Amino acid sequence: MPLRAAGAGDRAALLATDQAGSGMNRAALLDAIVAMADVVVVERGGRITGYGCVRRWGRGVVIGPVVAQDTTDARALIAKLAEQHVGQFVRIDVTMASGLSAWLESIGLPLVGQVVSMSLGAPPRVDPAATLFALSNQSLG
């Protein structure tokens, strides 16, 4: 899996990947998260095709957002982000549509509630080549 830490020169690619997966321009949100998070990207052929963040939150850390082309990449990103936090409180907010709940439980992250992605009006239009697998958190999407 072609994973690497995000670098300072990756901002434009991260914003484009995030917009493809969320359907929204979330530059201010992503800039704020990246400033306090460890960020890992999937890079293929010199192009970023996915990313994930982990940052301090409450009693431990929160993983999210995670945007990827498919569940294989999403799982690889989440596993990489979680590996430094074994034994700590780890939160990740995924929708049931993500298809990750059973896998997350199998790696020790039990389902304790359900999240729903909401929008005012028509849902944002997303790029089918990118999926928002994990929210930044429930209140921000």
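Above this text you will find the structure in question.
Here the residue numbering is sequential within each chain, running from 1 through the sequence in written order. With the structure being a predicted model, the display of local features is reserved for residues of pLDDT at least 70 and the display and counting of side-chain atom pairs for 80 or more, all residues being used for whole-chain, interface and lining totals. Excluded from the side-chain calculation are hydrogens and water; included are all heavy atoms of the structure.

Draft legend 1. Spatial organisation of the pattern of salt bridges. Any carboxyl oxygen of Asp or Glu within 4 Å of a side-chain nitrogen of Lys or Arg constitutes a salt bridge here. Taken as a whole and assessed by the stated rule, the structure comprises 7 salt bridges. The residue Glu43 makes a salt bridge to Arg4 at a minimum N-O spacing of 2.8 Å. Within this pair, whereas Glu43 is found in strand β2 (residues 37-44), its partner Arg4 is found in strand β1 (residues 3-5), the two being separated by 39 residues in sequence. Relative accessibility decides the category of a residue: with a 1.4 Å probe and only protein chains considered, values under 20% of the type maximum give buried, values over 50% give exposed, and everything between is partly exposed. Relative accessible area serves as the criterion here: at 26%, Glu43 is assigned to the partly exposed category. Helix and strand assignments come from DSSP, with helices taken as H or I runs of at least 4 residues and strands as E runs of at least 2, each series counted from the N terminus.

Draft legend 2. Fine view of unusual backbone geometry. Going from Gly64 to Pro65, the amide bond is cis rather than trans, its omega being 0 degrees. As for its placement among the helices and strands, Pro65 is situated in strand β4 (residues 60-68).

Draft legend 3. View of the packing of helix α1 (residues 11-22) against helix α2 (residues 27-36). Following both chains from N to C, one finds α1 and α2 inclined at 125 degrees, their axes separated by 10 Å at the closest point. Taken together, α1 and α2 sit at an angle that is classed as oblique. Like other packed secondary-structure pairs, α1 and α2 cross with a definite hand, here right-handed. From α1, Arg11, Leu14, Leu15 and Asp18 reach across to α2, where they touch Ala27, Leu30, Asp31 and Val34. Of the residues assigned to the contact of α1 with α2, the class counts are 5 nonpolar, no polar and 3 charged. Here the axes come from fitting lines to C-alpha atoms, over the contacting stretch only for helices, and the angles between their N-to-C directions go from 0 to 180 degrees. Should an angle lie under 35 degrees it is considered roughly parallel, over 145 roughly antiparallel, and from 65 to 115 roughly perpendicular; all remaining angles are considered oblique. Crossing handedness: left-handed means the near helix sits turned counterclockwise from the far one by under a right angle, and right-handed means the same turn made clockwise. For this analysis, residues touch if any pair of their heavy atoms sits within 4.5 Å. Residues are grouped as follows: nonpolar covers Ala, Val, Leu, Ile, Met, Phe, Trp, Tyr, Cys and Pro; charged covers Asp, Glu, Lys and Arg; every other residue, Gly included, is treated as polar.

Draft legend 4. Representation of α1. Between its terminal C-alpha atoms α1 stretches 16 Å, which fits the 16 Å expected from 12 residues at 1.5 Å a residue. Against α2, β2, β3 (47-57), β4 and β6 (131-134) lie the buried residues of α1. After α1 finishes, the residue Gly23 shows a positive phi value of roughly 80 degrees. Helix span, as expected, comes to 1.5 Å for every residue beyond the first.

Draft legend 5. Molecular detail of α2. Those residues of α2 that sit buried are Ala27, Leu30 and Ile33. Projection of α2 onto a plane perpendicular to its axis shows the buried side chains occupying an angular sector of 130 degrees, all on one side. In α2, those exposed residues whose orientation departs by more than 90 degrees from the buried face are Ala28, Ala35 and Met36. Taken together, the buried residues of α2 touch α1, β2, β3 and β4. This arc describes the spread of directions from the helix axis toward the C-beta atoms.

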